[in-house]
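Understanding the architecture of this molecule
Spelled out from the first residue to the last, the chains are:
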Amino acid sequence: TDQSVDLILAEATFPPQSCGDRACLILAVALGPNGSLYLVVGGFAALDIRQFDPPFIDGMLPTRSAEGYGMLRVANDGTLYTIDEFQNRVLIFDGDGSQPSDLVPDRVLGQADFVATECHRGGLPAADTLCDPAGLALADDGTLYIADSESRILVFNDIANKPTGAAADDVI
């Protein structure tokens, strides 16, 4: 099998020498509708989400980056959904039709606002709370599924129209 590297993003050499002041580990990857590549890069105590826009060239730096996010999915309209596990929430970066307009979250699920971070908002499990979200899936019909550490799957129908802090339509 071919063991050669065809393209290196954000590093001049392979294997990568560093990722700023922390080790480089690619933890998640997603492809946007316009061909943008989103990577969650992490190590030690921090995670970064990095967006690379085509055309891809060796050693290119990310188009945009933000700190502190985990697993991600990109919707057909460019909206980015990402787990923020240690803050017990899912962050939503609304798209502009082709890619997220920025890497500043627009909405949050699992918490009432962007400030709160407690597991189940400091209370019992409910349809509008999360505790250590571990996975998410996005269906073609716009339904978002979020799994958390309470062995629950929260189902959000028509996620594009859900406001910050919205309750799930179903909990499995």
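Look up a bit, the structure's there.
Conventions adopted
What you see as residue numbers is a count from 1 along each chain, following the sequence as written. Local features in this predicted model are restricted to residues whose pLDDT is 70 or higher, and side-chain atom pairs enter the listing and the counts only when it is 80 or higher, whereas totals over whole chains, interfaces and linings include all residues. Values shown for side chains rest on all heavy atoms present in the structure; no hydrogens or waters enter the calculation. Whenever Lys or Arg places a side-chain nitrogen within 4 Å of a carboxyl oxygen from Asp or Glu, that contact is recorded as a salt bridge. Secondary structure elements are defined from DSSP: runs of H or I of at least 4 residues count as helices, runs of E of at least 2 residues count as strands, and each element is numbered from the N terminus. Under the scheme applied here, a residue whose accessible area is under 20% of the maximum for its type counts as buried, over 50% as exposed, and between as partly exposed, the area being computed with a 1.4 Å probe on protein chains only. Note on pairing: two strands pair once DSSP finds at least 2 bridges between them. Between N-to-C directions, angles cover 0 to 180 degrees, with each direction set by a line fitted to C-alpha atoms, over the stretch in contact for helices. Contacts between residues were defined by any pair of non-hydrogen atoms, one from each residue, lying within 4.5 Å. Patches draw on residues past 30% relative accessible area with no salt bridge. Two like charges within 9 Å are joined, as are two nonpolar side chains (Val, Leu, Ile, Met, Phe, Trp, Tyr) within 5 Å. Computed by Shrake-Rupley with a 1.4 Å probe, the accessible areas treat only the displayed protein chains as cover when residues are assessed.

With that settled, the discussion passes to the pattern of salt bridges. Applying the stated criterion across every chain yields a total of five salt bridges. The partner of Arg-107 in a salt bridge is Asp-94, and the shortest N-O contact between them spans 2.7 Å. Of this pair, Arg-107 sits in strand E8 (residues 107-109) while Asp-94 sits in the loop between strand E7 (89-93) and E8; the two residues are 13 residues apart in sequence, bridging distant segments of the chain. Exposure remark for Asp-94: the relative accessible area of 27% places this residue in the partly exposed category. Between Arg-121 and Asp-128 there is a salt bridge, with its nearest N and O atoms 3.2 Å apart. Of the residues examined, Arg-121 reaches a relative accessible area of 29% and is grouped as partly exposed.

Moving on: the sheet that holds strand E6 (residues 80-84). The four strands are arranged E5-E6-E7-E8 in an open sheet whose pairing can be described as antiparallel. The sheet is open, and its two edges are formed by strand E5 (72-74) and E8, each paired on a single side. For this sheet the average axis-to-axis angle between neighbouring strands, irrespective of direction, equals 20°. As defined by bridge partners, E7 adjoins E8 across three bridges and the pair is classed as antiparallel. Bridge pairing links Leu-91 to Val-108 in E8.

Our next topic: the environment of His-120. Take His-120: it is sitting in the loop between E8 and strand E9 (135-138). Owing to a relative accessible area of 4%, His-120 belongs among the buried residues under this scheme. Through-space distance from the C-alpha of His-120 to that of Asn-88 is 7.6 Å; in sequence the pair is 32 residues apart. Not counting the four nearest positions on each side in its chain, His-120 is found in contact with Pro-125, Ala-126, Thr-129, Leu-130, Cys-131, Asp-148, Glu-150 and Arg-152.

For the bond from Pro-54 to Pro-55, the omega torsion is 0°, close enough to zero to count as cis. For Pro-55, the location among the structural elements is in the loop between strand E3 (46-52) and strand E4 (64-67). Even without being glycine, His-120 reaches a positive phi, approximately 50°. A positive phi is found at Arg-121, a non-glycine position, where the angle reads about 55°.

Another point: the sheet that holds E9. Here four strands make up an open sheet; going across it, the order is E9-E10-E11-E12 and the pairing antiparallel. The open sheet has two edge strands, E9 and strand E12 (170-171), and neither has a second partner.

Taken together, the side chains of Tyr-145, Ile-153 and Ile-172 present a nonpolar region at the surface, about 270 Å² in accessible area. Relative to the helices and strands, Ile-172 is located in the segment after E12. Assessed through its relative accessible area of 57%, Ile-172 is described here as exposed.

The quantities given are spatial measurements derived from coordinates; they are silent on function.
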